[in-house]
Amino acid sequence: FYAQQFGKFGFTLFASGHSQEAYDPNDDDFSDIPQFQRYNINPRLFFDFSDDTKLVFGVNLMGEDRLGGDIAAIEKDSEWAGYVEENQSFRASTQLQFDHYFNENMHLFAKNSVNIFDRSIDLPNYNFAGQQISSFSELGIARTGERMD
């Protein structure tokens, strides 16, 4: 994780990686938990136009490779090509938020997120691949004041 601010501009960066070997706890030569490698990268940018007006933009990237099935085939210890299942996925999303405070009781906000999900699954004699793209936007004014019954 890293964060830095330069006057009205700032940013954060979070990155992580995870991996695991295939696991066969009952010794039946078939992975109960697949081998995988995963990474995440999340940068965010902040800009303060003024004390009342702010903009935030972020990106989230995640990739993962999973390989499960016959332990010998996963570990490539054998010429025999046993059953294996490979899943590859990639996600990307953006977040955009704009806020403007007119006063302590009224606040204008705009939000947007775009998401992309891409996945492929490879099995013996079967392949699947798909991609999904979605977006969400919101515009509103929040007003606080005395409670009305």
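Placed above this text is the structure.
What you see is a predicted model; the values in this text were computed from it and never measured.

Before going further, it helps to spend a moment on unusual backbone geometry. For residues other than glycine, phi is negative in most cases, and the peptide bonds are mostly trans. Even without being glycine, Asp 27 reaches a positive phi, approximately 55°. Relative to the helices and strands, Asp 27 resides in the loop between strand E2 (9–20) and strand E3 (35–48). Judged by relative accessible area, Asp 27 falls into the exposed class, the value being 65%. Not every positive phi belongs to a glycine, and Asp 29 is a case in point at roughly 65°. With respect to the helices and strands, Asp 29 occurs in the loop between E2 and E3.

Another aspect to go through is the environment of Ser 31. Note on placement: Ser 31 falls in the loop between E2 and E3. At a separation of 2.8 Å, a polar atom in the side chain of Ser 31 contacts the main-chain amide nitrogen of Gly 69.

Scoring rules and cut-offs
- Residues numbered from 1 in each chain as written.
- Predicted model: local features only at pLDDT ≥ 70, side-chain atom pairs only at ≥ 80, totals over all residues.
- Heavy atoms only, no water.
- Helix = DSSP H or I, 4+ residues; strand = E, 2+ residues; numbered from the N terminus.
- Buried < 20%, exposed > 50% of the residue type's maximum accessible area, 1.4 Å probe, protein only.
- Polar contact = N/O pair within 3.5 Å; in protein donor to acceptor, adjacent residues only side chain to side chain.

Distances and angles like these do not, on their own, reveal function.
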